[in-house]
Every structure is written in structure tokens, then in C-alpha cells.
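This is what each chain is made of:
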Amino acid sequence: MTVEVTEHRLDFRMSPRDLINIGVFGALYIVTVGLFNLLEFISPVMTLVTSALSIVAAGVPFMLFLTRVKHAGMVTVLAVIVTGFMLLIGSPPVTLLVGVLGALIAEALLYAGRYRSRQLSVLAYAAFSTWFVGLFLPMFYARDEFLSSPYMAEMDPDYVEKLDSLLSPGVLIAFDLSTVVFGLIGGALGLRLLDKHFRKAGLV
């Protein structure tokens with residue numbers, strides 16, 4: 001059986017199909033992350049646990065999205081949509097910056113593999129997942145402002161106090177590093193579950 005290989009281009013022109021795919025998979029990604037994050041209100045510890053679970057679970061829609069990615073720019077636009085939505089629900093603005101930087105690294109990895117490398121696709125998802133770092137990044141340089149932000153104001157004061165106690169610099173650094181680890185796990189899981197789609201798309 002011969003797999004037709006599409007010539008990939010390094011440009012940022014988006015076809016209507018590209019935009020539809022970005023919108024559809026962006027929505028699927030956000031819903032997947034949101035379902036797990038609903039549990040973060042249980043306790044501060046669950047905030048970290050649900051973030052890890054979100055990264056792993058969201059690997060499935062992201063990896064399926066990659067079977068539709070044929071050129072540069074699509075992953076970055078997806079990152080802007082995802083982190084832009086997070087900003088709307090109260091995440092710190094730095095989340096958008098971290099998300100775009102992670103997406104650009106993912107773009108470089110995908111291009112290095114000519115959008116056909118399964119291994120680099122997994123690495124690309126790990127890079128993309130680092131946008132989660134932005135969620136708590138202000139705890140390093142604007143801790144008081146973060147804990148008194150409108151989003152945190154919706155939490156119980158006891159919850160905020162426990163979160164402040166939990167998120168020490170050491171825990172934050174471990175969490176930041178873990179986003180890559182769980183991204184690799186999520187990417188590998190998505191690759192395994194969607195292997196047939198990857199082969200059909202010509203990813204080897």
C-alpha cells in the first residue's frame with residue numbers, strides 16, 4: 001500500500017480547512033482540559049493533580065490535530081486560542097506568552113520532522129504543554145498580586161491560604177518541569193490510541 005506524501009510548506013497561509021481544524025480541535029482541547037480542572041476546587045493539591053491529568057488527557061485531541069497539520073503556524077494559532085481562553089477565565093497574562101513560546105518550539109520540532117515524525121510529534125506536544133507553567137508563574141515574582149487576583153478572590157480564603165503554603169518555590173519548579181514529563185506521556189498516549197490515524201496521515 002502506497003502512502004501519498006503531501007508536500008509541506010513553511011509559510012503561514014491558512015486555508016478555510018486549516019481554520020476549521022484549528023477551531024474544532026481547539027474546542028476539543030479546551031473542553032478536555034476544562035473537564036479535569038473542574039476538580040481543582042476540591043483542594044489546592046487537586047489543582048496540581050488536575051493540571052497533570054489535563055496534560056495527559058489533552059494529548060489525545062492534540063495528537064489527532066497534528067494529523068491535520070501540514071504547514072507552519074497552525075500550532076501557534078491553536079496556542080493563542082487556548083491561552084487566550086484561559087486569560088478570559090482569569091489566568092495571568094503571562095500564560096499567553098509562555099504558550100506562544102512553547103508553540104514556537106513545537107513548530108520548530110514539527111518542521112524538523114517535515115510534519116511526518118511520530119517521535120518529534122510527541123516532543124512537540126510536550127513543548128506545547130508548557131503553557132501550563134504560565135498558570136502559576138506569577139507566584140515567583142508577584143505572589144501577593146496573584147493570590148489577591150479576581151480569579152483567586154472567587155476561592156474560599158482557607159483555600160487560598162493553603163495554596164500559598166503548598167506552592168513553595170521548590171514545588172513550583174517541580175511542577176514546571178513535570179509539564180514536560182506529562183506532555184511526553186500525553187503525547188505517547190495519544191500516539192498509541194490514534195496510531196491508525198497517524199499511519200493514514202503518513203506520519204512515520
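Note that the structure is a prediction, hence the values are computed from the model and not measured. (Residues numbered from 1 in each chain as written. Predicted model: local features only at pLDDT ≥ 70, side-chain atom pairs only at ≥ 80, totals over all residues. Heavy atoms only, no water.)

1. Let's talk about the packing of aromatic side chains
For the coordinates displayed, the defined rule picks out nine aromatic pairs. When the centroid spacing of 5.5 Å and the interplanar angle of 90° are considered together, the rings of Tyr29 and Phe128 count as edge-to-face. Taken together, the residues Tyr29 in helix α1 (residues 16–37) and Phe128 in helix α6 (residues 118–128) connect sequence positions 99 residues apart. Like Phe128, Tyr29 is buried. Seen from their ring centres, Phe136 and Phe146 are 6.4 Å apart, and the 70° between their planes marks the pair as edge-to-face. One end of the pair, Phe136, is in helix α7 (residues 133–136); the other, Phe146, is in helix α9 (residues 143–147), and ten residues separate them in sequence. Grouping residues by exposure puts Phe136 and Phe146 together as buried. (Phe/Tyr/Trp six-rings, centres within 6.5 Å; stacked < 30°, edge-to-face > 60°. Helix = DSSP H or I, 4+ residues; strand = E, 2+ residues; numbered from the N terminus. Buried < 20%, exposed > 50% of the residue type's maximum accessible area, 1.4 Å probe, protein only.)

2. Observations concerning the nonpolar core
By size, the foremost hydrophobic cluster in this structure holds 47 residues, and its most contacted members are Tyr29, Phe62, Phe65, Val75, Phe128 and Phe136. Take this core: its biggest share by element is six residues, from helix α4 (residues 74–88). With sequence-adjacent residues up to four places away left out, Phe128 is seen in contact with Tyr29, Phe62, Val75, Leu78, Ala79, Gly102, Ala103 and Ala106. (Core = buried A, V, L, I, M, F, W, Y, C linked by side-chain atoms within 4.5 Å. Contact = heavy atoms within 4.5 Å.)

3. Some details on the UniProt feature "transmembrane region" (unreviewed entry) in the protein chain
Per the UniProt entry, the sites bearing "transmembrane region" (unreviewed entry) are residues 19–39, 45–65, 72–90, 96–113, 120–142 and 171–194 in this numbering. The span residues 120–142 shows a helical share of 74% and a strand share of 0%, and its end C-alpha atoms are spaced 35 Å apart. (UniProt positions renumbered as here; feature names shortened; annotations may be inferred.)

4. What to know about the confidence of the model for the protein chain
Interpreting fine coordinate detail is not advised for predicted regions of low pLDDT. Averaged over the protein chain, the pLDDT score is 88; the fraction of residues at 70 or greater is 91%. Overall, residues 1–8 carries pLDDT values under 50, and its contacts beyond four positions in sequence, including any with other chains, amount to seven contacts. (pLDDT = per-residue confidence, 0-100.)

5. Regarding the packing of helix α2 (residues 44–57) against helix α3 (residues 59–66)
Across the interface, α2 lies against α3 with an axial gap of 5 Å and an inter-helix angle of 30°. The orientation of α2 with respect to α3, classified from their angle, is roughly parallel. Between α2, through Ile55, Val56 and Ala57, and α3, the contact on the second element is made entirely by Gly59, Val60 and Pro61. Across the contact of α2 with α3, the residue classes break down as five nonpolar, one polar and no charged. (Axes fitted to C-alpha atoms, helices over the stretch in contact; angles between N-to-C directions. Parallel < 35°, antiparallel > 145°, perpendicular 65-115°, else oblique. Nonpolar A, V, L, I, M, F, W, Y, C, P; charged D, E, K, R; others polar.)

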